[in-house]
Amino acid sequence: MIAKYFDKSKVRDYITTLTLWGGFASTVFIPFIELLMSYMDWRQTLMVLGAINLLVCAPIYAFLPSGPGTQAEDQNAGANEPQKRDARWALMRPIFWALLICFALYSVMAPSFRTHLYPMLIEWGWSGEDAVFILALLGPAQVAGRALMKVFQTRSIAYVGIFIASMFPLAFLAMILFPESYPVLIVASLAYGAAAGTMTIVKGLCVLEFLTKSSYGLINGMMNTPINILSAFGPTLAALSWTITGSYFGLMIGMVLVSTAMLLSFIAAAVISSKSR
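For every chain, the first residue of the written sequence is number 1, and numbering continues from 1 along that sequence. In keeping with the predicted nature of the model, local features appear solely for residues at pLDDT of at least 70, side-chain atom pairs appear and are counted solely at 80 or more, and the whole-chain, interface and lining totals rest on all residues. Calculation of side-chain values draws on the structure's entire complement of heavy atoms; hydrogens and water are dropped beforehand.

Two cysteine sulfur atoms form a disulfide, by the criterion used here, when they sit within 2.5 Å. Tallied over the entire structure, the rule returns zero disulfides. Cys206 takes part in no disulfide bond, and the closest cysteine sulfur to it belongs to Cys102, at a distance of 7.2 Å. Summary of the burial criterion: residues with accessible area below 20% of their type's maximum are buried, those above 50% are exposed, and those between are partly exposed, where the area comes from a 1.4 Å probe applied to protein chains only. Classification of Cys206 by relative accessible area gives buried; the value is 1%.

Rendered as structure tokens:
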């Protein structure tokens, strides 16, 4: 929507600002949910959260713009490329598939890790308070990562993406090697949170910088359909992995493999993009 309704030259700044503020969601709601669970059961907690979505979020959506975008898209599309890129054109581009694989793997990994982090820490012998504290750190870490992205405004999203994607396997490896070290778990969680927060921005900008500045909504929509489906099934697949292996160490090894494949896919997209210029 930002790419459709705002000046393309300011899209990076707008996406960074939006995701920066969005990072406060988990910062606020993880302790809030823990507080609700102290006074009511999980069904009543879900009803409260549903009411917040219905009474607060739904009215906000009603005020969002609709219809065709502004002329900014046409005015700012690359001078050397056609104004429109269709689905067939995108499907023929190796960069499209490299980015799709990268973000599909991320969409499986991220919700799986966040969903299973609490029971994983409990399995490793930590108390509920310790687990909630580490979970609550993810939100501020996301905000910090996005704030740094906004402050430095680096020119190359390729270098940022490679650096950020490399943080995931490193964080998971640290947790596997030092599950009994609370400081290591905190640092690894902060690194993961900062990387996850920044990855949201990277994902929003890759199509613009790697592929094309026109038909952003169409191409992003083509990517997001399978990505959203995989994201919904990610925690279930992680639970199945735990059932098969009998512990979260097997799942974390899988996280390392998935995040490494994600990193390699992003590197491939960046290399192909640099050679096509």
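Back to the write-up after that little detour.
Our focus in this paragraph is the packing of helix 7 (residues 94-123) against helix 11 (residues 216-245). Closest axis-to-axis distance for the helix 7/helix 11 pair is 8 Å, and the angle between their directions is 30 degrees. Our pair here, helix 7 against helix 11, has a crossing hand that is right-handed. The residues of helix 11 that touch helix 7, namely those facing Phe96, Leu99, Leu100, Phe103, Ala104, Ser107, Val108, Pro111, Ser112, Thr115, His116 and Glu123, are Ile219, Met222, Met223, Pro226, Ile227, Leu230, Ser231, Gly234, Pro235, Ala238, Ala239 and Trp242. The nonpolar class holds Ala, Val, Leu, Ile, Met, Phe, Trp, Tyr, Cys and Pro. Asp, Glu, Lys and Arg form the charged class, and all remaining residues, Gly among them, are polar. Here the residues of the contact of helix 7 with helix 11 sort into 17 nonpolar, six polar and one charged. The angle between two axes is taken between their N-to-C directions and runs from 0 to 180 degrees, where each axis is a line fitted to C-alpha atoms and a helix contributes only its stretch in contact. Secondary structure counts use DSSP, requiring at least four H or I residues in a row for a helix and at least two E residues in a row for a strand, with both numbered from the N terminus. Handedness of a crossing is defined here by the sense of rotation of the near helix relative to the far one, left-handed for an anticlockwise turn of less than a right angle and right-handed for a clockwise turn. Any two residues having at least one pair of non-hydrogen atoms within 4.5 Å are treated as being in contact.

Right, let's talk about the packing of helix 10 (residues 182-211) against helix 12 (residues 248-275) for a bit. One way to put it is that helix 10 packs onto helix 12 with a least axis distance of 11 Å and a crossing angle of 30 degrees. Judged by the inter-axis angle, helix 10 sits roughly parallel to helix 12. The hand of the helix 10/helix 12 crossing is left-handed. Taken together, the residues of helix 12 that come into contact with helix 10 (itself represented by Met199, Val202, Cys206, Glu209 and Phe210) are Met262, Phe266, Ala269, Ala270 and Ser273. The residue inventory of the contact of helix 10 with helix 12, partitioned by class, reads eight nonpolar, one polar and one charged. Our angle categories are set so that under 35 degrees counts as roughly parallel, over 145 as roughly antiparallel, 65 to 115 as roughly perpendicular, and the remainder as oblique.

Once that is clear, we can look at the confidence of the model for the protein chain. The predictor reports its confidence for every residue as pLDDT, a score running from 0 up to 100. Mean pLDDT for the protein chain: 82, with 80% of residues reaching 70 or above. In this model, residues 71-79 is a region of pLDDT below 50 whose contacts with residues beyond four sequence positions or in other chains number 16 contacts.

So, on to the nonpolar core. Put simply, a nonpolar core is a bunch of buried Ala, Val, Leu, Ile, Met, Phe, Trp, Tyr and Cys residues held in one set by side-chain atoms that sit within 4.5 Å of each other. Within the largest apolar cluster, 68 residues are counted, with the highest numbers of intra-cluster contacts made by Phe168 and Phe210. Excluding residues within four positions of it along the chain, Phe168 makes contact with Tyr106, Met109, Tyr192, Ala195, Ala196, Met199, Ser259 and Met262.

This part covers helix 11. Count 3.6 residues to each turn of an α-helix, and residues three or four apart come out pointing the same way. In a helix, the anticipated span is given by 1.5 Å times the number of residues less one. Its 30 residues place the ends of helix 11 41 Å apart at the C-alpha level, agreeing with the 44 Å of an ideal helix rising 1.5 Å per residue. In helix 11, a bend of some 40 degrees at Gly234 exceeds every other bend along the element, and Pro235, a proline, comes one to four places later. Once helix 11 finishes, Gly246 follows within two positions and takes phi at roughly 85 degrees, a positive value. Fitting axes to the seven residues ending at a residue and to the seven starting there, one defines the bend at that residue as the angle between these axes.

Time to look at a nonpolar patch on the surface. Grouping into patches uses exposed residues only, defined as over 30% relative accessible area, and leaves out salt-bridged ones; the cut-off is 9 Å for like charges and 5 Å for nonpolar side chains (Val, Leu, Ile, Met, Phe, Trp, Tyr). Accessible areas in this description were obtained via Shrake-Rupley with a 1.4 Å probe; residue shielding takes into account the shown protein chains only. Take a side-chain nitrogen of Lys or Arg and a carboxyl oxygen of Asp or Glu: if they are within 4 Å of each other, that pair is a salt bridge. A surface patch of nonpolar side chains, amounting to about 650 Å² of accessible area, comprises Leu54, Leu55, Val56, Ile60, Tyr61 and Leu64. Owing to a relative accessible area of 34%, Leu64 belongs among the partly exposed residues under this scheme.

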